[in-house]
Structure formats: C-alpha cells, structure tokens
Amino acid sequence: MARADVTRELALWRAYEQAVFRVFDEGRPITFRIGRTSPRLDKLLERHGARRWAHITAWNPSSVPLPKAENLRRQRRLVAELKRGGFGILEGEGADPKRRWTPEPTAFVLGIGVREARQLGREYDQLAIVVGQRGKLPRLVACRPRSLVPGA
C-alpha cells in the first residue's frame with residue numbers, strides 16, 4: 001500500500017471514530033458513537049430481542065463519493081440482500097459532527113454477527129463498519145483484509 005493511501009486510510013479511520021451514528025426507531029433518532037454507551041440503543045435492542053447488531057452502508061465505496069442515484073441503487077441492493085438473509089433492519093445514518101460530509105444512509109442490522117457484517121462491508125467496498133452488542137460499546141471494524149487501520 002502506497003504511503004499516500006495509508007495516510008488517507010488512517011485519516012478516514014479517525015473521521016469514522018468521531019462520526020455520529022443514528023438509528024431511527026419509529027422515526028425517532030437514537031444517536032450513538034464509537035466507544036460510548038447508549039442506554040437507549042440497548043433498550044431498542046432488548047425490545048427487538050436482538051443481542052448483536054451492525055451499522056452498514058453501501059454508499060460511497062472506499063469513501064469515494066458516487067452520484068446519489070448510484071448510491072441509492074447500491075443501498076437498495078444491500079437492504080434487499082439483508083432482507084433475504086432474514087435480518088431485521090432499521091434505517092440509520094452516519095454523519096460528520098463538523099458537517100464536512102453529507103450524512104450517509106445506513107442499514108442498522110439486528111442480530112448479525114461481526115464476521116457476516118464484515119463480509120458485507122467488504123462486498124460493498126467499505127473501509128469499515130460499526131458493530132456492537134447489547135450492553136457493550138459500539139466499535140469500528142475494518143473491512144479491508146490488508147488494511148493498516150486497527151481491527152483489520
């Protein structure tokens with residue numbers, strides 16, 4: 001991996017660590033962040049009978065912006081794949097708290113394990129996804145097999 005690629009990937013990882021994530025519960029947002037507890041998120045999981053979850057998007061592969069129509073098509077394909085897999089899905093988004101980038105729609109996937117979620121992230125060429133378990137801290141997981149970022 002070239003030095004410029006490494007620098008870019010590490011900068012993106014830091015941006016993801018600072019991002020604000022939301023899942024929409026009957027239209028009401030539940031906000032969570034990497035490494036911080038969220039009692040509201042735990043209550044949502046309990047209500048849905050889910051222990052584990054992942055927050056995944058198909059937007060902007062490798063964090064390279066695509067036209068909105070292409071991103072929407074990719075996200076619909078991801079959601080359809082998750083539904084075929086029998087997963088419960090809630091709408092979500094990932095956003096930059098400093099508003100340097102436009103919020104990206106996500107799928108908040110109930111009951112999915114880290115390995116399967118990471119594989120989906122790889123299929124949709126994402127650098128990282130967010131995963132968690134009820135009662136534990138949300139964390140970033142790298143999707144690139146040879147990534148130099150933590151968790152790869």
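Up top you'll find the structure we're talking about.
Residues numbered from 1 in each chain as written. Predicted model: local features only at pLDDT ≥ 70, side-chain atom pairs only at ≥ 80, totals over all residues. Heavy atoms only, no water.

> How would you summarise the overall build of the chain if you had to cite specific residues and measurements?
Secondary structure summary: the chain contains four helices and seven strands in total. Listing every helix and strand of the chain by position from the N terminus yields α-β-β-α-β-α-β-β-α-β-β. For 152 residues, the compact-globule formula gives about 15 Å, and the C-alpha radius of gyration of the chain, at 15 Å, lands near that figure. Dimensions of the chain, computed from the C-alpha atoms along their principal axes, are close to 45 × 30 × 30 Å. The 152 residues of the chain split such that 43% are buried. Long-range pairs, those at least 24 residues apart, make up 59% of the contacts in the chain with a sequence separation of at least 6. Looking at the chain, you have 30 positive and 16 negative side-chain charges, and the mean spots of the two groups are 3 Å apart. (Helix = DSSP H or I, 4+ residues; strand = E, 2+ residues; numbered from the N terminus. Rg over C-alpha atoms; globule rule 2.2 N^0.38 Å. Buried < 20%, exposed > 50% of the residue type's maximum accessible area, 1.4 Å probe, protein only. Contact = heavy atoms within 4.5 Å. Lys, Arg positive; Asp, Glu negative; His and termini not counted. Charge placed at Lys NZ, Arg CZ, Asp CG, Glu CD.)

> Hey, could you go over the pattern of salt bridges for me, with residue numbers and the actual values?
In total, this model carries five salt bridges according to the counting rule given. Arg22 is the salt-bridge partner of Glu93, the closest N and O atoms lying 2.7 Å from each other. Taken together, the residues Glu93 in strand S4 (residues 88-95) and Arg22 in strand S1 (residues 20-25) connect sequence positions 71 residues apart. For Arg22, a relative accessible area of 23% puts it in the partly exposed group. One salt-bridge network, held together by shared partners, links Asp25, Arg28 and Arg47. (Salt bridge = Lys/Arg side-chain N within 4 Å of Asp/Glu carboxyl O.)

> How would you summarise the nonpolar core if you had to cite specific residues and measurements?
Ranked by size, the top nonpolar core spans 22 residues in total, and within it Val23, Phe32, Leu41 and Phe108 carry the most contacts. Among the secondary structure elements, those contributing two or more residues to this core are helix H1 (3-18), S1, strand S2 (28-32), helix H2 (39-48), strand S5 (104-110), strand S6 (128-133) and strand S7 (139-142). Apart from residues no more than four positions distant in its own chain, Val23 is found in contact with Arg28, Pro29, Ile30, Phe32, Leu41, Leu44, Leu90, Glu91, Gly92 and Phe108. Within the second largest apolar cluster, 16 residues are counted, among which are Ala58, Leu78, Phe87 and Cys143. (Core = buried A, V, L, I, M, F, W, Y, C linked by side-chain atoms within 4.5 Å.)

> Which residues make up helix H3 (residues 68-84), and what values do they have?
Relative to the 24 Å expected for 17 residues at 1.5 Å per residue, H3 spans 24 Å between its end C-alpha atoms, a close match to the ideal helical length. For H3, the complete set of buried residues consists of Asn71, Arg74, Gln75, Leu78 and Leu82. Take H3 and look down its axis: the buried residues cluster within an arc of 100°, on one side only. In H3, the exposed positions that point more than 90 degrees away from the buried face belong to Ala69, Arg76, Lys83 and Arg84. Gly86 sits one or two positions beyond H3 and adopts a positive phi of about 85°. (Expected span 1.5 Å × (residues − 1). Arc of directions from axis to C-beta.)

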